[in-house]
Amino acid sequence: MGCEIRYITYQLASKEVSNEDLATTFEEFSAEDIYKKVGIKKRFHTSEDIIGSDLAFQAANLFFNDTKFPKEQIEFILFCTEGLDYIAPMTACLLQERLNLNKNIGALDLPSGCAGFTNALGMAKAIVESGQSSNVLLLFGDTPGLVSHPQDFALRSLFSDAGAAVLVEKSNENHIGNFVYGVDGSGAKHLFVDKSCLRNPIDKEWLELNNDVGGMPRGQMKMNGLEVFSFSIKEVPILVNEILEKNKLKMKDINLFVFHQASKIILKSIQRKLQIPTDKMAYYLENNGNTVSVSIPLCLKEAQREGRIKKGDKVLIAGFGIGFSWSGTILYF
Amino acid sequence: MNIQELIEKLEEEIEEVEKGTLTPSTNIRNIDWWSSMHALVIIALVDIEYNVQVSGKDLKEIQTIQDLYDLIVKKS
């Protein structure tokens, strides 16, 4: 017995932001400069009243519309985000009600960012293969835009707000390989949301300091791009080799490498370090931006749409980033 | 490896720089193409070509190409 990914849907936030739009805020750059710097043509930002679980809800509705999968057959939901609705209760509880799912199901949150898809997929595999349930609907929704300072060029130009829904189901043959996980909490300080949650809540001084940009009441994401970059190019090649080893495969056995779409320069550097031919690399950053935990399902969906994944293919997936946290596996199609 | 080889690789990698214009004493921060993206290009180049991991903090402390070379030698 094993399990497989049955269907993927994703939903980008509604407001498209072009490089021309960004160039009006960041006057020091032209639209062309911005493309040259980040390799992205457009990214998508949400409005103040649409948060991660709303985008996950939209993606789930797309899923049920597309597949006609009976809602009453869903046995478990895992909601993966770094922007929960409340500290308590779990947002997964709210999503059960909003999606009108059965009450006799499992529903858990999994707060995780750029490694969110691979972390959540590993948990879904464990739940299904241990016989706890025969399927898990993974829901993803993140809105980095809501915690990015309007003047922070790196965050504004790279990140997109998006949601996704992915059904993992029991299958006769196993289609999801062995997982590798990693974590280095010493990297937490290089990418984090300042003034958020219980440890470091917002105060009057913070709101006043950010008065000109609406107070940043949900906190502010802060990224040390250099440290995130050096972490990525050091750790991801090691992760790839560990995934191959754990699944008894060689580089040449892999038909497509789907990395979290962190940034063009990170992907290019990893590609070069691992000497991966360009036709085996998934680049779906240009028209979508970095969609956090949605990036890998988005790539899988688009690669399938373009006919880049055939029956019998082996696809290596690897998520990495905020935490620092990383994980990955092989998908057997 | 020698410093000339490093200079040639940098000139090849950074498209804004003309060949033959960098020297060991060139202060990378003072030249007009320097930006955060170039810092990333340099980290990647050093990692891939020399298998040396330079952190963002390391890079902030260096000024010239000679400093970068010395750092690579020290770390390799």
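In this text, all values refer to a predicted model and were calculated from it rather than measured experimentally. (Residues numbered from 1 in each chain as written. Chains lettered and ligands numbered in written order. Predicted model: local features only at pLDDT ≥ 70, side-chain atom pairs only at ≥ 80, totals over all residues.)

The subject of this paragraph is the overall build of chain B. Along chain B, the regular secondary structure elements total four helices and zero strands. Ordered by position from the N terminus, the helices and strands of chain B form the series α-α-α-α. Here the C-alpha radius of gyration of chain B, 11 Å, is about what a compact globule of 76 residues would show, namely 11 Å. Principal-axis analysis of the C-alpha atoms gives chain B an extent of 30 × 25 × 20 Å. (Helix = DSSP H or I, 4+ residues; strand = E, 2+ residues; numbered from the N terminus. Rg over C-alpha atoms; globule rule 2.2 N^0.38 Å.)

Helices and strands together make up the secondary structure of chain A, namely ten helices and 13 strands. Computed over C-alpha atoms, the radius of gyration of chain A comes to 19 Å, within 12% of the 20 Å expected from 2.2 N^0.38 for 333 residues, which places it in the range of a compact globule. Across its three principal directions, the C-alpha atoms of chain A cover 55 × 50 × 35 Å. A total of 333 residues make up chain A; the buried ones form 48% of that total. (Buried ≥ 20, exposed ≤ 12 C-beta atoms within 10 Å, placed from the backbone.)

Turning to the domain arrangement of chain A, a few remarks are in order. Residues and elements named next belong to chain A. We note that the domain assignment places domain 1 (2-171) and domain 2 (180-332) within chain A. Here the C-alpha centroids of domain 1 and domain 2 sit 14 Å apart. Contacts between domain 1 and domain 2 engage 39 residues on the former and 43 residues on the latter. Mapped by element, the contributors of at least two residues to the side of domain 1 that touches domain 2 are β1 (2-12), β3 (42-45), α5 (116-129), β6 (135-142), α6 (153-158) and β7 (162-171). A breakdown of the residues in the side of domain 1 that touches domain 2 according to their chemical character gives 24 nonpolar, eleven polar and four charged. (Domains from an automatic or database assignment. Contact = placed C-beta atoms within 7 Å. Nonpolar A, V, L, I, M, F, W, Y, C, P; charged D, E, K, R; others polar.)

Residues and elements named next belong to chain A. An order of β8-β13-β12-β11 is seen for the four strands of this open sheet, with the pairing classed as mixed. Either end of the sheet is taken by a strand with one partner, and the two such strands are β8 (180-183) and β11 (256-259). Strand-to-strand twist in this sheet, taken as the mean axis angle between neighbours without regard to direction, amounts to 15 degrees. With four bridges connecting them, β8 and strand β13 (residues 325-332) associate as antiparallel partners. Across the sheet, Val183 pairs through a bridge with Ser325, a residue of β13. Against the sheet, α5 makes contact with β8, β12 (314-321) and β13, and its axis sits at roughly 60 degrees relative to β13, the strand it touches most. Packing against the sheet, helix α10 (residues 295-305) makes contact with β11 and β12, and its axis sits at approximately 145 degrees to β11. (Pairing = 2+ DSSP bridges. Axes fitted to C-alpha atoms, helices over the stretch in contact; angles between N-to-C directions.)

Running from amino to carboxyl end, helix α9 (residues 264-274) of chain A crosses helix α2 (residues 36-50) of chain B at an angle of 15 degrees, the nearest separation of the two axes being 10 Å. By the angle between their directions, the pair α9(A) and α2(B) is classed as roughly parallel. With respect to the hand of their crossing, α9(A) and α2(B) are arranged in right-handed fashion. In this structure, α9(A) contributes Ile265(A), Ser269(A), Arg272(A) and Lys273(A) to the contact, and α2(B) contributes Met37(B), Leu40(B), Ala44(B), Asp47(B) and Ile48(B). Per-class residue counts for the contact of α9(A) with α2(B) are five nonpolar, one polar and three charged. (Parallel < 35°, antiparallel > 145°, perpendicular 65-115°, else oblique. Left-handed = near helix turned anticlockwise from the far one by under 90°.)

Residues and elements named next belong to chain B. Topologically, Asn27 is positioned in the loop between α1 (3-13) and α2. With 13 C-beta atoms counted inside 10 Å, the residue Asn27 sits in the partly exposed group. Each C-alpha atom, one on Asn27 and one on Thr64, is 4.2 Å from the other, the two residues being 37 residues apart in sequence.

The next point concerns the interface of chain A and chain B. Counting residues at the interface gives 13 residues for chain A and 13 residues for chain B. Listing elements by their share of the side of chain A that touches chain B, those giving two or more residues are α8 (225-246) and α9 of chain A. Per-element accounting of the side of chain A that touches chain B gives the leading share, seven residues, to α8(A). Per-class residue counts for the side of chain A that touches chain B are four nonpolar, four polar and five charged.

This part takes up the environment of Met1(A). Residue and element names in this part refer to chain A. Tracing the sequence through the fold places Met1 in the segment before β1. For Met1, a count of 10 C-beta atoms within 10 Å translates into the label exposed. Sequence-wise, Met1 and Lys189 are 188 residues apart; in three dimensions their C-alpha atoms are separated by 41 Å. Beyond its immediate chain neighbours, meaning those up to four positions away, Met1 contacts Glu129 and Lys170.

What follows is about the environment of His149(A). Residue and element names in this part refer to chain A. Looking at the element boundaries, His149 is found in the loop between β6 and α6. Sequence separation between His149 and Glu16 is 133 residues, and the spatial gap between their C-alpha atoms is 18 Å. The residues touching His149, leaving out its near neighbours within four places in the chain, are Val213, Met216 and Gln220.

Our next topic: the sheet that holds strand β4 (residues 76-81) of chain A. All names here are of chain A. Read from one edge to the other, the open sheet built from five strands follows the order β1-β7-β6-β4-β5, with strand pairing classed as mixed. With one partner strand each, in any of the chains shown, β1 and β5 (106-111) form the two edges of the open sheet. Put simply, the sheet's adjacent strands are angled 15 degrees from each other on average, direction ignored. Pairing between β6 and β7: eight bridges, direction antiparallel. Across the sheet, residue Asn135 finds its bridge partner in β7, namely Glu169. On the sheet, α5 packs against β1, β4, β5, β6 and β7 and is oriented at approximately 165 degrees with respect to β6. Taken strand by strand, α10 contacts β1 and β7, and its axis lies near 95 degrees from that of β1.

All names here are of chain A. Counting 112 residues, the largest nonpolar core has Ile77, Leu78, Leu138, Leu139 and Val258 as its most contacted members. Of all the elements, α8 adds the most residues to this core, at nine residues. For this core, the domains that each give at least three residues are domain 1 (2-171) and domain 2 (180-332). (Core = buried A, V, L, I, M, F, W, Y, C linked by C-beta atoms within 7 Å.)

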